[in-house]
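# Close look at the chain arrangement
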Amino acid sequence: MTAARQIVVVESPAKAKTINKYLGKDFDVIASYGHVRDLPPKDGSVDPDQDFSMLWEVDGRGEKRMKEIAQKVRGAEKLFLATDPDREGEAISWHIAEELKRRRALKDVEVQRVVFHEITKQAVQEAFEHPRDLNQELIDAYLARRALDYLVGFTLSPVLWRKLPGSRSAGRVQSVALRLICEREAEIEVFKPQEYWSIEALLANDKGETFTARLSQLAGEKLDRLSISTKEQADKALAVLQESGRISVASLDEKLVRRNPQPPFTTSTLQQEASRKLGFGASKTMRAAQKLYEGIDIGGETVGLITYMRTDGVQLSQEAIAGARSLVETDFGTAYLPKEPRVYKSRQKNAQEAHEAIRPTDPHRRPATLSRYLDKDELRLYELIWKRTLASQMESARLNQTSVDLSVDGGAAVLRASGSVVLFDGFLKLYEEGRDDSGDEDESRRLPRLHEGESCALREATSEQHFTQPPPRYSEASLIKRLEELGIGRPSTYTSILQVLQDRDYVRLEKRRFYPEDRGRLVTAFLSSFFDRYVEYDFTAQLEEQLDDISGGRIDWKAVLRQFWEAFSTAVGGTKDLKISDVIDALDRDLGPHFFPQDPENPDKDPRACPSCGAGRLGLRLGKTGGFIGCSNYPECRYTRPLAVAGSEGDAANGEGGDLPRDLGSDPESGKTVSLRKGPYGIYVQLGEPEGKEKPKRASLPKGMDIGDVTLEKALALLSLPRDVGPHPDDGEMVQAGIGRYGPYIRYQGRYVNIPADEDVLTIGLNRAVTLLAEAPKKGGATPLKVLGEHPEGGEVSLNSGRYGPYVKHGKVYATLPKTVDKDSLTLEQALELIAQKAAKGKSPAKKRKKA
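So, here's what we can say about the structure. (Residues numbered from 1 in each chain as written. Predicted model: local features only at pLDDT ≥ 70, side-chain atom pairs only at ≥ 80, totals over all residues. Heavy atoms only, no water.)

### Considerations on the overall build of the protein chain
When helices and strands are tallied, the protein chain shows 21 helices and 34 strands. Out of the 852 residues in the protein chain, the part that is buried amounts to 48%. When contacts within the protein chain are restricted to residue pairs at least 6 apart in sequence, those whose partners lie at least 24 apart make up 66%. Surface summary for the protein chain: the accessible area is close to 43200 Å², and the carbon and sulfur share equals 47%. Between the mean site of the 126 positive side-chain charges and the mean site of the 130 negative ones, the protein chain shows a separation of 6 Å. (Helix = DSSP H or I, 4+ residues; strand = E, 2+ residues; numbered from the N terminus. Buried < 20%, exposed > 50% of the residue type's maximum accessible area, 1.4 Å probe, protein only. Contact = heavy atoms within 4.5 Å. Areas by Shrake-Rupley, 256 points an atom, 1.4 Å probe, with all protein chains shown as cover. Lys, Arg positive; Asp, Glu negative; His and termini not counted. Charge placed at Lys NZ, Arg CZ, Asp CG, Glu CD.)

Have a look at this one:
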């Protein structure tokens, strides 16, 4: 059997498998598994002094792939590079071509680029009939972005490490996203809720039909939301209504409103809507979308179900529009089909209009017909995309919106009622966009038919107390939306931006909201103080525009780098003589007003006065793990508290106790105060205060224990750990229970076994402890969660659960699963790639240890 004369390279094995079926035996389709080379993580990989020359390196995993590709390509007639149709895909193709040139594997081989936006037989075959050369402008844009990210990261990060202990690396775009999260948290911390009251009346028309109206004017003055701010004012307003003689319709305004459907999905809007409607995070959305794009086996035929899922274009092809309109007419009738097709154009200044919106490859492939081929998440996401695409080509909804002003006693007060009636549902019959945190509840209210001059009877008048709410913390959806509005980042970068912030422990995602960690707040304050220009929203957006101009051939990529580097290197050089004390002073100036707010009820009290010694002044301090608040009288006074506003709404809303530290009472034995506190590693209880160099006894709260439930008795029990549970029935040796670095545990004969999260370390009994010890696998005897298959070199590849999370194992090679990989959907191919990466790292030459 002769080797195939035409070689095709794609990124993933799943994509390769699908495309190979479409092209036939004359083609050999192989996967590169993404990028095959990158800039090595060391100084000099991008050299500004050599006109930004870039040094590329093939890692262990990439080397294996390149050997396989080079072996296939040698002697072939053609090499088709069929990676994804975006800037990143163009870069992967360029890397492969450049590396094959370096290895002299392209002699007499014609190299061509193939691009398709959906993996269907027709689209793939048509793309291979119209190949092109590599797009140098897209490659230049990639090189510029990669160089910029490298120069910022590897120039700025060492400054952070030296001047801001406890910080991690800094990123060009990630730092701006982090600033958004930190600024929102600062808004929440200084937010002061305001009291206000609303007055509503339940009215009935002359037919007895009831409706609700809200007080909008009182004594000739128009009321806004905060006009009635006390109960006394509310009672007076309520009395005007309750004592009224006549309420009549003064004016009535009706208007016909058309609501148009939203355009089909872009990457950003898909992530936002999947978050609102399905509860998916950005990573989960993109993983499911990737599977739908690369192909699903449907009755023996592998086919891509959606078009490419990294796009900021909202337009559809003529074929897609025709298919959607045909289906609308079939399923809903001609009344739901607009006379003319709907054509959408992106409002974004730099949208890549060459890319279609995300849509089904065949709209006639209804979600119900795919339920047996897709898992639950894939089906839900496909249904969302399918409905949005069809709805985008449906008729507008028509609503009758009505606003009614009702006069109370000839003008003593005015009530307003609003509502709407759907006259024709149009696209709403199939799809309605999810709402953000705010929404107009009046839109869904219905009003009875009213006419001017009509008298209405007052059935009931009520007042309700409210308090203004702080702006909500960013969710993944709202943060992506804000980044998009500011012009920061691009469709392919949003997921990685959010993930990097979490991986560096700068933020945490809790109840689907982003909370900045102390470390993240310090980094933002530092960058805002000393590198303000580079975390400005406008500057970052302008740089993104320049990168788009490079991809459009309107500007030279090295000119952009020169302009950036000249100013940036000067700014970095300016921090050379920066002292730690200067950094602390700058951070204290920036964050001080947030962490030491003046008490409006006690303006004479100094918010920085130390509550322990009384004489010292509280200020920001830097430790090995990051920032904290400490007393200026250190080491005589060792009072500390975490970076949090005492009693702030922000901390209380977070469930972490804005009033920490909090005294719980006195220990009966020692008389020392027992307090509840928050530190870098979470909430803990403490006995007494530091005495000289002696630290007080502390105990961490177990996961799941609510700080509101921590009493003096529970705190003392935690401080008494580890405790004796009882003698083991086999040998009489004592079994103990305690809390360690990895949580609550049972200890017996030097062996530690974790206590399940739903069980209490303070109350667990001997029988249960002995059972846990018996059931726990002994060292080396853990049973794999799943055997994934056979390794090409022999031996099984298994998925296992370990102390640090799930991992894959082959022989003596153990590879931890990244956070972005779902263990439940892990494939053998993914496992082999992780094992290869781990094995390659293990083969790197070990550093010689210096002699003592």
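### Comments concerning the packing of aromatic side chains
By the definition in use, this model includes 19 aromatic pairs. For the pair Tyr 293 and Tyr 308, a centre-to-centre distance of 5.2 Å together with 65 degrees between the ring planes defines the contact as edge-to-face. Within this pair, whereas Tyr 293 is found in helix α9 (residues 282-294), its partner Tyr 308 is found in the loop between β14 (301-303) and α10 (318-332), the two being separated by 15 residues in sequence. Both residues of the pair, Tyr 293 and Tyr 308, count as buried. With a centroid separation of 6.3 Å and an interplanar angle of 45 degrees, the aromatic rings of Phe 526 and Phe 531 are classed as tilted. Residue Phe 526 shares its accessibility class with Phe 531, and that shared class is buried. By way of ring pairs, the aromatic residues Tyr 534, Phe 539, Phe 564, Trp 565 and Phe 568 are connected into one cluster. Over the ring of Trp 94 we find Arg 37; its NZ or CZ atom is 5.4 Å from the centre of that ring. Positioned above the aromatic ring of Tyr 537, the side-chain terminus of Arg 179 is 5.0 Å from the ring centre. (Phe/Tyr/Trp six-rings, centres within 6.5 Å; stacked < 30°, edge-to-face > 60°. Lys NZ or Arg CZ within 6 Å of the ring centre and 35° of its normal.)

### Thoughts on the packing of helix α2 (residues 60-73) against helix α3 (residues 87-102)
Close contact between α2 and α3 brings their axes to 11 Å; oriented N to C, the two are set at 70 degrees. What the angle tells us is that α2 and α3 run roughly perpendicular. Crossing hand, α2 versus α3: right-handed. When α2 is examined against α3, the residues Met 66, Ile 69, Ala 70 and Val 73 are found in contact with a partner set consisting of Ile 96, Glu 99 and Leu 100. For the contact of α2 with α3, the per-class residue count stands at 6 nonpolar, no polar and 1 charged. (Axes fitted to C-alpha atoms, helices over the stretch in contact; angles between N-to-C directions. Parallel < 35°, antiparallel > 145°, perpendicular 65-115°, else oblique. Left-handed = near helix turned anticlockwise from the far one by under 90°. Nonpolar A, V, L, I, M, F, W, Y, C, P; charged D, E, K, R; others polar.)

### Describing the side chain of Glu 395
Its place among the elements puts Glu 395 in the loop between α11 (376-391) and β15 (397-408). Overall, the relative accessible area of 15% leaves Glu 395 in the buried class. Only 3.4 Å separates the side chain of Glu 395 from the side chain of Arg 258, close enough to count as a polar contact. The contacts of Glu 395, once residues within four sequence positions are left out, are Arg 258, Ala 335, Tyr 336, Leu 337, Pro 338, Arg 342, Phe 424, Gly 426 and Phe 427. (Polar contact = N/O pair within 3.5 Å; in protein donor to acceptor, adjacent residues only side chain to side chain.)

### Notes on empty space enclosed by the protein
Summed over the entire model, instances satisfying the criterion amount to 7 cavities of 30 Å³ or more. Empty space within the largest cavity amounts to approximately 70 Å³. In terms of lining residues, the largest cavity is bounded by Val 152, Leu 156, Gly 171, Arg 172, Ser 175, Leu 527, Tyr 534, Val 535, Phe 539, Leu 543 and Phe 564. For the lining of the largest cavity, the secondary-structure elements that each account for two or more residues are α5 (136-163) and α15 (537-551). (1 Å grid on protein atoms, 1.4 Å probe; cavity = no way out; pocket = protein on both sides within 12 Å on 5 of 7 lines; lining within 4 Å. Points joined across faces, edges and corners; volume = space filled by probe spheres on them.)

### Focus: the pairing of strand β25 (residues 682-687)
Of all 6 residues that make up β25, 5 are buried, and the element is covered over most of its length. Sheet analysis places strand β24 (residues 673-679) next to β25, joined by 6 bridges and oriented antiparallel. Considered in β25, the bridge of Ser 675 is made with Gln 686. Bridge count for β25 against strand β26 (residues 697-700) is 4 bridges, and the pairing is antiparallel. Within β26, the position partnered with Gln 686 by the bridge is Arg 698. (Pairing = 2+ DSSP bridges.)

### What to know about helix α13 (residues 494-503)
Since there are 3.6 residues in each turn of an α-helix, residues three or four apart along the chain are aligned in direction. For α13, the buried fraction is high: 8 of the 10 residues fall into the buried class. Regarding α13, the residues found buried are Tyr 494, Thr 495, Ile 497, Leu 498, Gln 499, Val 500, Leu 501 and Gln 502. Each element contacted by the buried residues of α13 is listed here: α6 (174-190), α8 (267-278), α9, α12 (476-486), β18 (507-510) and β19 (513-516). Downstream of α13 by one or two residues, Asp 505 has phi in the positive range, about 60 degrees.

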